[in-house]
Amino acid sequence: MTDYNPHSIEEKWQRRWAAQRVFEVTEEPGRPKFYCLVMFAYPSGHAHVGHVRNYMIGDVIARMKRMCGFNVLHPFGWDAFGLPAENAAIKNRSHPRTWTLENIAHMKGQLQRLGISYAWEREFATCEASYYKWNQWLFLEMFKRDLAYRRRATVNWCPGCATVLANEQVVDGGCWRCGTAVTPRELEQWFLRTTQYADELLEGIDRLDEWPTKVLTMQRNWIGRSEGALVRFPVEPAKPAVPAVDDDPVEIEVFTTRIDTIFGATCVVLAPEHALVDRFAAEATDPEAFRRRVQQFRAQDRTERMMGAVEKEGFDTGRTVVNPFTGRPVPVWIANFVLVQYGTGAVMAVPAHDQRDFEFARKYGLPVDVVIQPETEGDAAPLDGATMDAAYAGPGTLVRSGEFTGRSTDDAAAFMARAAAARDVGRPTVQFRLKDWGISRQRYWGTPIPIIHCDACGLQPVPYEDLPVELPTVAEFTGQGDSPLAQIPEFVDTSCPSCQGPARRETDTMDTFVDSSWYFYRYCDASNDEQAFDPEKVRYWAPIDFYIGGVEHAILHLIYSRFLCRVFKDLGMVDHDEPFTRLLTQGMVLRNGVVMSKSKGNVVDPDQMIASYGADTLRLYEMFVAPPEKELEWTDTGLEGSFRFLTRVWRLVTAVCPVVDGAPQNGLGTMTLDDAHRALRRKTHESIRRVSADLDPRAHLNTAVSALMELVNDLYVFCERHALAPHAAAARQGTSTDHVSIQTRAVLGEAIEALVLMLSPFTPHLCEELWERLGHAGGLVTVAWPTFDPEVARADEIVVPVQVNGKLRARLTVPADVSEEFLRAAALAEPAVQSHTVGKIVARVVVVRRRLVNIVVT
RNA sequence: GCGGAAGUGGCGGAAUUGGCAGACGCGCAGGCCUCAGGAGCCUGUGGGACCUAGUCCCAUGGGGGUUCAAGUCCCCCCUUCCGCACCA
């Protein structure tokens, strides 16, 4: 018997898999497909054992599904555009491409050494023109349909990265990547019209029943649908002493979800950034003082203001508007707690029924007018604006609300919104927190936006035949100036496709999330240079059956992808509603209680682990030690335990090879077996049942491994009893198999082969090697997954616990198919039970067949 | 503040439908085998009590409840993690 030597085994099988292209697939109509995908990688440099965890999870599922007869697409690629490459280029005075390609080469080697079963022939990197050409094509299709548009907007500017960020990329007021506090900036920007699909994106969530609820909740919150009404308050003229800046009558439009409280609106409040603020300042008696106060609010830390950490402050503009429902004038204030980016940037304040408004009113002595009275119980006093100490936001009956007085809040809001529409002072509406997706980035290392600016013709799409607009090679990266592309005249200067006159290219590049929001379709047809993908191929493979990735993409990537899925559907290129049927968000890998990361200095390099223990040990350890969704605390001793287990498997299988080789397993059904043999068969079939269910549909990889460990433990006991290797005592008796019965050989053979097959998704190299040594040629990648016989898996004797008043008192060993009556009688006759029932009245005996007996005494 | 998930031995974690709590592994202890053991194999390992071959009690964050039966279902509270955060 030779020792378990992972290195030679792993190299041997990795070479063979590649040479025989065993993981490459094509469409096979009529054969069930399975699209297993892990989120592709940003090539940041070196992957650590935390990065590779999800690749290993995906590999277990892919390999298992392959054995179950599915045509499995399991591709990999690179999310290769992005800032770090550019920053590294600035630092090293090199080119982002160089840095990126080197990292890809290294990380690909790491994944290949782990034996992940990717269809490498479909690999691509998004920084290749053959990929981003289709980004540009997609952009133009959207531009044609008005789903991509340009407008001047206040955007989130990250001074650290010197670029714009989408709302989704601002985390706690800072840049999601570098953490620098973002600042507002006015720029012409490109947007994708995600709001067009806001309702669809929200409703679709209800059908994503194989996604973690956490992700669904986050998406619902992010979309932030809110039903309410827009109401216009006409602005009254400024005092005659101050000339109006212009004579247009103006209105302030507010969004409210509580139009039923509008009779209690005692002022209207504008955000400091509201469009009317400047005009009001100009028309104020002391414009300078007015502007100074506004400026104070605008200067307040944006983050803190958004997070409500700043005290509510405001001032009266001196202007009034008319409440369209009461006809009475109410003052207009400007306050720091009103957000310009939500709704209309103006609100009506109803202090009696909104806590924020209440606090504001109390601070500045504004009236608190109660217009909703709750259902009073008994003699509770009705609400009084003068004495309340908090707003009442609950349900009730409208009071002092004109013709609406007496209505219930249940339907008043909808009714009054319609009334506003009838009077032409407002309308019912739905607000979303979700905004259109700003995709302009003032950086080099991304997809150039294929638009040409012509002074005569305006925005002109680059003609399709001119795609791709390739990134020019930039000689040197300095990090100076706003947009690298804008500094390259050869790139910028072009001619208008429409009038042939001189024109300028757009110099913004696309947010890299555009690249990553449709790459899964490209895998289906990765080398197509005629179109983004052949819809027929995507029809075969999509949607993705199993998608694995980090929960950090719960909002950004997964909403953008769901959005582009709908765009492709409208383009007639896909026919499914949702791109990802099932989503698994894997947990992080920690070491010493903190997330493994280069900056924390606690990373473990997979290559070092492979050098010490082999890839199979690393794979098994990460699959076994925690469920996929949970965090995994890295321990060296745990890893050694996994190595020990594989050594145990190796010794077991190689030792019994001569015994089981050629054993007549197909005769098992007719053989007469003794108890020990039946027990092992039962364990084998029970293990097949458990492992199969644990992998699919449960994806409880850790319990699947423990079931296999149990099987191995039982096999060791069986071998010891039957004087077989690998036990030391047996080994001393020599390797002769003469004493081994045909029954033993058959039962053992069945168990060993099932073990090797079921372990193979976890530790494929080891299992391939063992499978070959068991006498099978041709590899096991597509060998059928073992099936179990429920009759064999069922125990013929079972242990039934007996409780008295819910406390365990005895155990009965009985035939599995025993009747309830027998169980009941046997339980009552048990001495250990009788000692607790003697002298008492048996009130009830609960018998659950095959589970337990509970005797209730009083 | 709102929403979500979770809380089980010394540790990682099991427990598909309410039915023997602690599978499997790590660690620890003892034994076998050995020149040796940081290899291998076997055994033990939630806590406590006692009349210690055994028996009994307690135990899944805390407290109530439903039930013959609760880690699992319901209510209240505590803690941790995550998400959203003045969204009108």
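## Considering the pattern of salt bridges
Point 1. Under the counting rule described, the total for this entry stands at 52 salt bridges.
Point 2. In this structure, the salt-bridge partner of D455 is R504, at a minimum N-O distance of 3.4 Å. Separated by 49 residues along the polypeptide, D455 in the loop between β19 (451–454) and β20 (458–461) and R504 in strand β22 (residues 502–505) bring together distant segments of the chain.
Point 3. Of the residues examined, R504 reaches a relative accessible area of 37% and is grouped as partly exposed.
Point 4. Linking K683 and E710 is a salt bridge whose minimum nitrogen-to-oxygen distance equals 2.8 Å. Of this pair, K683 sits in helix α21 (residues 675–695) while E710 sits in helix α22 (residues 701–721), and the two are 27 residues apart along the sequence.
Point 5. Residues participating in the shared-partner salt-bridge network are K12, R16, E769, E772 and R773.

## A look at the domain arrangement of chain A
Point 1. Along its sequence, chain A is carved into domain 1 (135–221 + 436–513), domain 2 (226–431), domain 3 (657–793) and domain 4 (797–857).
Point 2. Computed from C-alpha atoms alone, the centre-to-centre distance between domain 2 and domain 4 is 71 Å.

## A closer look at the sheet that holds strand β24 (residues 546–550)
Point 1. One open sheet accounts for four strands, arranged β2-β1-β24-β25; its pairing is parallel. The open sheet is flanked by β2 (71–73) and β25 (583–586), the only strands paired with a single partner. Looking at each pair of strands side by side, their axes are set apart by 20° on average, direction ignored.
Point 2. Summarising the sheet, β24 and β25 pair through four bridges and their orientation is parallel. Bridge pairing in β25 places G549 opposite T585.

## Things to note about the packing of helix α1 (residues 6–20) against helix α18 (residues 606–613)
Point 1. For the pair α1 and α18, interaxial distance at closest approach is 8 Å and the crossing angle is 115°. Contacts between α1 and α18 pair P6, H7 and E10 from the former with I610, A611, S612 and Y613 from the latter.
Point 2. Taken together, the residues that form the contact of α1 with α18 break down as four nonpolar, two polar and one charged.

## Notes on the sheet that holds β22
Point 1. As summarised here, the arrangement of the four strands in space is β20-β19-β22-β21, forming an open sheet in which the pairing is antiparallel. Looking at strand neighbours, the two that pair on one side only are β20 and β21 (493–495), the edges of this open sheet. Strand-to-strand twist of the sheet, defined as the mean angle between neighbouring strand axes without regard to direction, takes the value 45°.
Point 2. The sheet contact formed by β19 and β20 spans four bridges and is antiparallel.

## Focus: unusual backbone geometry
Point 1. Along the chain, L467 connects to P468 via a cis peptide bond; the corresponding omega equals 0°.
Point 2. Inspection of the secondary structure assignment puts P468 in the loop between β20 and α13 (489–492).
Point 3. The omega torsion of the bond from D696 to P697 falls at 20°, within 30 degrees of zero and hence cis.
Point 4. Examined against the element boundaries, P697 turns out to sit in the loop between α21 and α22.

## Things to note about the nonpolar core
Point 1. W518, Y519, Y521, F568, W634, L748 and F762 are the most contacted members of the largest nonpolar core, which has 195 residues in total.
Point 2. Counting residues domain by domain, this core receives three or more from each of domain 1 (135–221 + 436–513) and domain 3 (657–793).
Point 3. Not counting chain neighbours up to four residues away, the residues in contact with L748 comprise V656, V659, V660, L680, L715, F718, C719 and L724.
Point 4. Of all hydrophobic cores here, the second largest spans 40 residues; its members include F325, A346, M348 and V350.

## Remarks on helix α12 (residues 409–422)
Point 1. Across its 14 residues, α12 extends 20 Å between first and last C-alpha, which sits within 8% of the 20 Å expected from 1.5 Å per residue.
Point 2. Listed as buried for α12 are T409, A412, M416, A417, A419 and A420.
Point 3. In this fold, the buried residues of α12 make contact with β8 (226–234), β14 (372–373), β15 (397–398) and β16 (426–431).
Point 4. At the N-terminal boundary of α12, the capping side chain belongs to S408, with an oxygen 2.9 Å from the backbone nitrogen of D410.

Reading the values: rules and limits
- Residues numbered from 1 in each chain as written.
- Chains lettered and ligands numbered in written order.
- Predicted model: local features only at pLDDT ≥ 70, side-chain atom pairs only at ≥ 80, totals over all residues.
- Heavy atoms only, no water.
- Salt bridge = Lys/Arg side-chain N within 4 Å of Asp/Glu carboxyl O.
- Helix = DSSP H or I, 4+ residues; strand = E, 2+ residues; numbered from the N terminus.
- Buried < 20%, exposed > 50% of the residue type's maximum accessible area, 1.4 Å probe, protein only.
- Domains from an automatic or database assignment.
- Pairing = 2+ DSSP bridges.
- Axes fitted to C-alpha atoms, helices over the stretch in contact; angles between N-to-C directions.
- Contact = heavy atoms within 4.5 Å.
- Nonpolar A, V, L, I, M, F, W, Y, C, P; charged D, E, K, R; others polar.
- Core = buried A, V, L, I, M, F, W, Y, C linked by side-chain atoms within 4.5 Å.
- Expected span 1.5 Å × (residues − 1).
- Polar contact = N/O pair within 3.5 Å; in protein donor to acceptor, adjacent residues only side chain to side chain.

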